[in-house]
Amino acid sequence: MEIKTDVLVIGSGIAGLFAAIKISEFADVVLITKKEKNESNTNYAQGGIASVIDPADTFEKHIKDTLIAGAGLCNEKMVEILVKEGPERIKDLMELGAQFTKKNGKLDLAKEGGHSMSRIVHAKDLTGREVERALINQVNENKNIKIFEDTIAIDLITEHNVQRLKNLPLNNRNCWGAYALNCHSNEILKISSKATVLATGGLGQVYTHTTNPKIATGDGYAMAYRAGAKIGNMEFIQFHPTAFYSSNQNNNSQAFLISEAVRGFGGILRTIDGNEFMSKYDSRKELAPRDIVARAIDNELKKRGEDFVYLDITHKNKNSIIDHFPNIYQHCLDQGIDISKEYIPVVPAAHYSCGGVVVDEFARTSLKGLYACGEVSMTGVHGANRLASNSLLEAVVFSQRAAIDIKNYLNNYRTSIPEIPNWDDSGTLTYDERILITHSSREVKQIMWDYVGIVRSNLRLERAANRIHNIYSETEELYKRTKIFEEILELRNITACAHMIIKSAQMRKESRGLNYTLDYPNPSPTNEFGDSILQNVNP
Ligand SMILES: Cc1cc2nc3c(=O)[nH]c(=O)nc-3n(C[C@H](O)[C@H](O)[C@H](O)COP(=O)(O)OP(=O)(O)OC[C@H]3O[C@@H](n4cnc5c(N)ncnc54)[C@H](O)[C@@H]3O)c2cc1C
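Colleague: So what about the overall build of the protein? Which residues, and what values?
Modeller: The secondary structure content of the protein amounts to 14 helices and 20 strands. The globule rule puts the C-alpha radius of gyration for 539 residues at 24 Å, and the 23 Å found for the protein is close to it. The dimensions of the protein, computed from C-alpha atoms along their principal axes, are 70 × 55 × 50 Å. Burial analysis of the protein (539 residues in total) assigns 51% to the buried set. Across the protein, contacts joining residues at least 24 apart in sequence account for 75% of those joining residues at least 6 apart.

Colleague: Got a sec to walk through the sheet that holds strand β13 (residues 237-244)? Specific residues and values, please.
Modeller: What holds strands together in a sheet is hydrogen bonding between their backbones, with the strands either parallel or antiparallel. Within the open sheet, the 4 strands sit side by side as β13-β16-β15-β14. Their pairing is antiparallel. Where the open sheet ends on each side, the last strands, each with one partner, are β13 and β14 (268-270). Strand after strand, the sheet turns through a mean of 40° between neighbouring axes, direction not considered. Sheet topology note: the β13/strand β16 (residues 344-353) ladder contains 6 bridges and is antiparallel. Paired with H240 across the strands is A349, a residue of β16. Lying on the sheet, helix α8 (residues 290-304) is in contact with β13, β14, β15 (309-312) and β16; it crosses β13 at an angle near 65°.

Colleague: Give a detailed account of the pairing of strand β11 (residues 188-198), specifying residues and quantitative values.
Modeller: Buried residues dominate β11, accounting for 9 of its 11 residues. Two strands pair when backbone bridges link them, and strand β10 (residues 175-182) and β11 are joined in this way by 5 bridges, in the antiparallel orientation. Bridged to A178 within β11 is I191. With antiparallel pairing between neighbouring strands as the criterion, β10 and β11 make up a hairpin whose turn holds 5 residues, including N186 at a positive phi of roughly 65°.

Colleague: Report on the site of the ligand, specifying residues and quantitative values.
Modeller: Taken together, 43 residues sit near the ligand, with G11, G13, G47, G201 and G374 positioned nearest. Considering every element that reaches the shell around the ligand, the biggest residue donor is helix α11 (residues 390-411), with 4 residues. Looking at the shell around the ligand residue by residue, the classes come out as 16 nonpolar, 22 polar and 5 charged.

Here is what the cut-offs are and how they apply
Residues numbered from 1 in each chain as written. Predicted model: local features only at pLDDT ≥ 70, side-chain atom pairs only at ≥ 80, totals over all residues. Helix = DSSP H or I, 4+ residues; strand = E, 2+ residues; numbered from the N terminus. Rg over C-alpha atoms; globule rule 2.2 N^0.38 Å. Buried ≥ 20, exposed ≤ 12 C-beta atoms within 10 Å, placed from the backbone. Contact = placed C-beta atoms within 7 Å. Pairing = 2+ DSSP bridges. Axes fitted to C-alpha atoms, helices over the stretch in contact; angles between N-to-C directions. Near = placed C-beta within 6 Å. Nonpolar A, V, L, I, M, F, W, Y, C, P; charged D, E, K, R; others polar.

The values reported here are purely geometric and, on their own, carry no functional implication.
Written out as C-alpha cells, the structure reads:
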C-alpha cells in the first residue's frame, strides 16, 4: 500500500503528538506509531516539566542549573532557547487540555535535584500520562491528522536509496518518508512525504535493566544512522540508581522506578548480606547525586558478582511509608514484598539518552526534509548529563520549532518526489526460529549492561565492540534473508544503537558527566573532545 502526505510523523509520545498538532494547522499529517497511541516513555514520566513560572525564578537561574548539570558540554544557545520558550509551551499544553496540579489557583511548582528553584510543573506524580491524554484527545479530533497504530517504521526513504545517487554529498540528500510494517497484516507500507519528523523516543531497551517501556528500542537513532544522518554524544546514557529488581524479568520488560524520594525519606542501601555501603563512597551517602549513587551500586555489584542490592526503609513507620509512597508500596506488595518489613531489591537501570540525531535550532537534521524531536534528537541542551525534567520541555520547545520550519519548507518546496520503489522482499523466507532472535537480543542487552554501563574501561569497550560486531553481522545477514517482523527490526535497531554507544564511548578518552571510564577518570581540562559525532558515510 502506498500513502502520500505532506508530513510524516513517526511516534506518538509528547514530541510526535505536539509536532503533529502544530503542523496540522497548515498541512496534512500522517502519524504512525509502533503500538497503541499512548504507549511511550512519555506515558511513564512522573516528576514533571521544568519551566520558569515562579516570579522569583529567572531564565538565568534555569540556564545556569542546566549548564552545571551538562558538565561543560551543553550548547548554550540551545539551552537559552529551551529555557526562554518554556513558559509559552507550558501555556500551549494547558490550552490543549493538560490539567496540571494547582495550589490556590496557581500552578504548583515542585523542586527537584539540580534545580535551584521550584519550577517543576506536574500533574501529581503522573505528569506524562496527563500530557498524553490531553494530546491524544486533540489528535483524535483533528481531521488533518491520520493515525496508524501498530505500524513500525522500518527505514527512512532517502534519495540515495531511491535513485541510487550514491555520490551525492550526504548533507544534500532528501528524506522522502519511510517504509513501515503493519503489524497485523504484515503488509509493508510505503509512505512518501515532503517532510518527516522522527519522534521515536529513547533506547533504554538496549540494556538489560531499564525504566523504559518495550517500545524504547532506539529505532529512530538506528534508522537515521543507516540513512546517513549525523548522530552525536551517544555515550551519555543516564542510569537511574534504583529500579525494582525482579529475578523473573522478561527479555524486554520495563523495570519499575523506585523514586529518589525513598532515599530522601531515609532509605539505606545495603548489599545482599545486609551491610550499608554508601558511606564508603560519599559523605552524603544515599543523598549523593544520582550518578555517584549509581556508580557505587554498580561497583558493589561488579565486585561481589551479585545482581542487585537492597534499599531498606523498614526502620520507618508503616503508615508514613504508605502515606508517602502509595504506588511504590502497592507495586512492591504485588511482587510479594511488604516494604515496611522487608528490604526492596533494586538495581540501577538505563533511563535516558542525552545524545541522538544531531539537530539545529529548528530540529533540522543533516538530511533535507528530516526533522528529529524529543529524546531521539540531540539538540545539545543536555550536554553530558540531563537536568531532571528538562526532557519533556525539550520535546515541546523543539517540536514547535520544527513545525515553524516545516511551514516554510513546504511553502518553498519545489522538488518533485520520484516514484518510490515498492518494498522488495523477493527471495526472503518466513522465519520460524525466533529463539535465535530472542537469544541475540538478550545477549546484546547483557553485553551492554556488563561492559558499557555505568562504569566503562578500554578493555570492556573493546570486548563489547567485538561481541556486538558479530551479532551485528549475523543480524544483518538474517534481515536480508527474512520476511520482516517486529522482533527482527528491534534486534537490528538495538544492535545498531549498541554499536553507536560503544563507538562514541571509545572516542571520548575522558570521564565527563554520564561517561565514566576507569582508564581516564577525569574530565579533560581543555574539553578537547567536544561532541562525539558519528556518521555512516556509506548509507
Ligand atoms: C519512568 C520514566 C520517568 C520519567 N520522568 C520524567 C520526568 O518527570 N520529566 C521529564 O522531563 N522526563 C522524564 N522522563 C523522560 C521522558 O519521559 C522522555 O524523555 C520523553 O517522554 C520522550 O518523549 P518522546 O516523545 O521523545 O518519546 P516517547 O514518549 O518515548 O515516544 C516515542 C514514540 O515513538 C514510537 N515509536 C518508536 N519507534 C517507532 C517506530 N519504529 N515506528 C513507529 N513508532 C515508533 C513509540 O511507540 C512512541 O509512541 C522519564 C522517563 C521514564 C522512562
